[in-house]
Amino acid sequence: MTDTGISLRAAAHQLGLNRRTVGKYARASTWQECVRRTPSRRPTSIDPYLEYLRQRWEEGEHTAPVLHQEIIAKGYRGHYQRAKMAIAPLRQGLPIGTRRERPPSPRQGARWITTAPSRRGMHVTEALRRLLEHCPELDQAHELVRQFAAMLDSRDATLLAHWPPLRRSRAGRDLRSGPGPVYAR
């Protein structure tokens with residue numbers, strides 16, 4: 001039961017949430033208990049050698065196999081790949097220990113492009129900006145999606161006749177990358 005006397009199941013039904021989610025919020029004494037925390041970084045076998053690697057990098061040794069052999073001589077028992085990945089941020093001018101940003105999956109990129117700008121968070125907006133800078137074709141696709149969304153929002157079908165993809169297809173250029181025509185059903 002919640003403080004108002006309503007059952008968790010009824011509250012979940014009213015809110016359109018899972019019963020367990022409602023229960024988690026009902027049990028929380030502060031809002032901070034409900035916020036997702038980023039998992040803390042677990043220590044790795046190379047951590048004791050990171051400062052040495054940074055120091056040797058600044059001294060001018062930028063060869064991963066050499067650095068790996070040096071830390072092995074100091075007692076490191078880990079794999080070469082871990083040493084190589086540890087110095088990778090230094091090659092990009094970043095501090096050691098900086099995590100590499102993974103590129104978005106195709107599904108994630110499509111979601112970012114099709115989500116209205118007003119509904120995107122700050123992190124997604126920044127990640128999308130970097131993605132569009134990196135790929136002009138996606139930037140063009142993003143612009144076309146935004147134009148199409150504006151037409152749908154205004155519910156004005158007359159704008160469709162001037163939409164760039166339709167103008168190009170009427171001029172004889174193919175919009176598809178796959179084989180065969182695409183039919184609307």
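Anything mentioned here points back to the structure above.
None of the values given here were measured: they were computed from a predicted structure.

### Digging into the packing of aromatic side chains
Line of reasoning, step 1. By the definition in use, this model includes 1 aromatic pair.
Line of reasoning, step 2. Centroid distance Tyr 49 to Tyr 76: 5.5 Å. Interplanar angle 70°. Geometry classified as edge-to-face. Taken as a pair, Tyr 49 in the loop between α2 (19-27) and α3 (50-58) and Tyr 76 in the loop between α4 (64-73) and α5 (80-91) lie far apart in primary sequence, 27 residues in all.
Line of reasoning, step 3. Given the relative accessible area of 4%, Tyr 76 is considered buried.

### Some points on the side chain of His 142
Line of reasoning, step 1. Looking at where His 142 falls in the secondary structure, it is placed in helix α8 (residues 136-154).
Line of reasoning, step 2. Contact partners of His 142, with chain neighbours within four places excluded, come to Ile 113, Arg 120, Leu 128 and Leu 132.

### Overview of the packing of α3 against α5
Line of reasoning, step 1. Running from N to C, α3 and α5 point in directions that differ by 45°, and their axes come no closer than 11 Å. Classified by the angle between their axes, α3 and α5 sit oblique to one another. Crossing of α3 over α5 shows right-handed handedness. Residues Leu 50, Leu 53, Arg 54 and Trp 57 of α3 lie in contact with α5, whose contacting residues are Ala 86, Ile 87, Leu 90 and Arg 91.
Line of reasoning, step 2. Residue classes in the contact of α3 with α5 are distributed as 6 nonpolar, no polar and 2 charged.

### Overview of helix α7 (residues 122-134)
Line of reasoning, step 1. The end-to-end C-alpha distance of α7, which contains 13 residues, comes to 19 Å, matching closely the 18 Å that a straight helix rising 1.5 Å per residue would cover.
Line of reasoning, step 2. Looking only at α7, the buried set comprises Ala 127, Leu 128, Leu 131 and Leu 132. Within α7, the buried residues cover an arc of 135° as seen down the axis, which keeps them to one side. Seen from the buried face of α7, the exposed residues on the opposite side, beyond 90 degrees, are Met 122, His 123 and Glu 133.
Line of reasoning, step 3. Considering only its buried residues, α7 is in contact with α6 (106-114) and α8.

### Describing the nonpolar core
Line of reasoning, step 1. Counting 13 residues, the largest nonpolar core has Ile 46, Leu 53, Ile 71 and Ile 87 as the members making the most contacts within it.
Line of reasoning, step 2. Of all the secondary structure elements, the ones that give two or more residues to this core are α3, α4 and α5.
Line of reasoning, step 3. Top element by residues in this core is α5. It accounts for 4 residues.
Line of reasoning, step 4. Excluding its chain neighbours within four sequence positions, the residues that come into contact with Leu 53 are Ile 46, Leu 67, Ile 71, Ala 86, Ile 87, Leu 90 and Ile 96.
Line of reasoning, step 5. Formed by 6 residues, the second largest nonpolar core is a distinct cluster that contains Trp 112, Ala 127, Leu 128 and Leu 131.

### Describing the packing of helix α1 (residues 8-15) against α2
Line of reasoning, step 1. Remark: α1 packs on α2, axes separated minimally by 8 Å, with the N-to-C direction vectors making an angle of 110°. As the angle between them shows, α1 and α2 are arranged roughly perpendicular. Our pair here, α1 against α2, has a crossing hand that is right-handed. Residue-level inspection shows Leu 8, Arg 9, Ala 11, Ala 12 and Leu 15 of α1 in contact with α2, the latter providing Arg 19, Val 22, Gly 23 and Ala 26.
Line of reasoning, step 2. Of the residues belonging to the contact of α1 with α2, the class tally is 6 nonpolar, 1 polar and 2 charged.

Conventions and cut-offs
- Residues numbered from 1 in each chain as written.
- Predicted model: local features only at pLDDT ≥ 70, side-chain atom pairs only at ≥ 80, totals over all residues.
- Heavy atoms only, no water.
- Phe/Tyr/Trp six-rings, centres within 6.5 Å; stacked < 30°, edge-to-face > 60°.
- Helix = DSSP H or I, 4+ residues; strand = E, 2+ residues; numbered from the N terminus.
- Buried < 20%, exposed > 50% of the residue type's maximum accessible area, 1.4 Å probe, protein only.
- Contact = heavy atoms within 4.5 Å.
- Axes fitted to C-alpha atoms, helices over the stretch in contact; angles between N-to-C directions.
- Parallel < 35°, antiparallel > 145°, perpendicular 65-115°, else oblique.
- Left-handed = near helix turned anticlockwise from the far one by under 90°.
- Nonpolar A, V, L, I, M, F, W, Y, C, P; charged D, E, K, R; others polar.
- Expected span 1.5 Å × (residues − 1).
- Arc of directions from axis to C-beta.
- Core = buried A, V, L, I, M, F, W, Y, C linked by side-chain atoms within 4.5 Å.

By themselves these figures say nothing about function.
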